[in-house]
Amino acid sequence: MVQVKAADKRDITEESDFLKIKAIDHVHFYVGNAKQAMYYWWKGFGFKPIAYSGLETGNREFASYVLESGKIRLVVSAPYEPNIPMAEHHKLHGDGVKVIAMEVDDVAQAHEATTQRGGVSAFAPREEKDEYGILHTSAIETYGEVLHVFVDRSEYKGAFAPNYQPLDFETENSGLVSVDHIVGNVELGKMNYWVNFYHQVMGFRQLMHFDDQDISTEYSALMSKVMENNNGRVKFPINEPADGKRKSQIEEYLDYYRTPGVQHLAMTTGDILETISILQSNGIEFLRVPDTYYEMLPSRVGEIKESIELIRELGILVDRDDEGYLLQVFSRPIQDRPTAFIEVIQRHGSRGFGKGNFKALFESLELDQAKRGNL
Ligand code: FE2
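Residues numbered from 1 in each chain as written. Predicted model: local features only at pLDDT ≥ 70, side-chain atom pairs only at ≥ 80, totals over all residues. Heavy atoms only, no water.

1. Overview of the overall build of the protein
Okay, step 1: Summing up its helical and strand segments, the protein has 9 helices and 17 strands in all.
Okay, step 2: Radius of gyration (C-alpha) of the protein: 20 Å, near the 21 Å computed for a compact globule of 375 residues.
Okay, step 3: Oriented by its inertia axes, the alpha-carbon framework of the protein measures out at about 60 × 50 × 40 Å.
Okay, step 4: Residue burial in the protein is summarised as follows: out of 375 residues, 57% are buried. (Helix = DSSP H or I, 4+ residues; strand = E, 2+ residues; numbered from the N terminus. Rg over C-alpha atoms; globule rule 2.2 N^0.38 Å. Buried < 20%, exposed > 50% of the residue type's maximum accessible area, 1.4 Å probe, protein only.)

2. Remarks on the domain arrangement of the protein
Okay, step 1: We note that the domain assignment places domain 1 (9-166) and domain 2 (176-372) within the protein.
Okay, step 2: Spacing between the C-alpha centres of domain 1 and domain 2 amounts to 24 Å.
Okay, step 3: Each partner contributes residues to the interface: domain 1 has 50 residues there, and domain 2 has 46 residues.
Okay, step 4: Inspection of the domain 1/domain 2 interface yields 0 salt bridges. (Domains from an automatic or database assignment. Contact = heavy atoms within 4.5 Å. Salt bridge = Lys/Arg side-chain N within 4 Å of Asp/Glu carboxyl O.)

3. As for the nonpolar core
Okay, step 1: In terms of nonpolar packing, the biggest core is built from 94 residues, with Phe29, Trp41 and Met202 touching the most fellow members.
Okay, step 2: Looking at this core element by element, the count peaks at 6 residues for helix 4 (residues 191-200).
Okay, step 3: Mapping this core onto the domain boundaries places at least three of its residues in each of domain 1 (9-166) and domain 2 (176-372).
Okay, step 4: If sequence neighbours within four positions are ignored, Met202 has contacts with Phe18, Leu19, Ile21, Met102, Thr114, Ile140, His148, Phe150 and Phe197.
Okay, step 5: By size, the runner-up hydrophobic cluster in this structure holds 21 residues, among which are Phe62, Val75, Ala101 and Leu135. (Core = buried A, V, L, I, M, F, W, Y, C linked by side-chain atoms within 4.5 Å.)

4. Regarding the pattern of salt bridges
Okay, step 1: Here the structure, examined in full by the defined rule, presents 18 salt bridges.
Okay, step 2: Here Arg205 ties to Glu228 by a salt bridge, and the two come within 3.0 Å at their closest N and O atoms. Remark: Glu228 occurs in strand 12 (residues 221-228) and Arg205 occurs in strand 11 (residues 205-210); sequence separation between them is 23 residues.
Okay, step 3: Judged by its relative accessible area of 15%, Arg205 falls in the buried class.
Okay, step 4: A single salt-bridge network, built from bridges that share partners, covers Asp25, Glu68, Arg73 and Arg153.

In structure tokens, the structure reads:
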């Protein structure tokens, strides 16, 4: 367990960028069947498969595909054997995010800086080589079984990493551009612990927080704090369940994932109407709020560029704050267990997370939870 100071009630705002993260490098899912997961991201979400590792490339432990859309890079891997940690991970948690990797200039410095501040090493700086160069990585642990891998690609020119061969699949791009934020669900009472971890160990600051007054329905509640790195390209909201009459969505997640983990990955698009109509026609399922939401929408958010009629048809949500507005939509869980899901977001000035949509959204989520017998 990471040794960090007790929870601090004050908001953490001071900056200290000793880590110099450039951006999210990739998000790595451990799954039961990498070939089928690849197909889902390819045909469902419009990601282009760009690299493969497996028996044919000399990898006898697991099969792995790398996919890209805009600046987003996803990896899906599944074990060939039952006795490797990846297989154990899948048996316990089902499909889910194992690694959130971040690009840095110096993986040794990142490893040293974070472990000196109380981070637990997952692996020391290492070099993997092939004819395309050297890939430098190191890693620390975060909540649950998730790892933060630091990656330096400056000396590597291959498809993704040594042992991966390039793929070139024809792909219908859906317009997903970048990772907006990645949300972690942690246990009751642990939110501040992990907020402190991101501040002390990784030099992040707190961008905003939501309490159970903001995020509660008749039945359940949650609390959330958003941590952000120095250049603002990496945003990690941390959720914990709060007391409610029934089981919160965070508790349902923790019950099925059996440990804290990544709840959702939010990806930006420059044209949410186009992106969501493609994803829906590809069969990706999204949560829908009641139609009354759209009757109130014009008075709640005022003038927006997009057609309200199309927004209603596609089930897109809108929220406005002092800085502008945002459009967002949430998928149903992307695997059998009610654990991880996807958010698609388009920002017009707003840097928020859709606070005005929380209530309608969580009520809709609870309808699904009730159907699963978990509310
Ligand atoms: Fe989100």
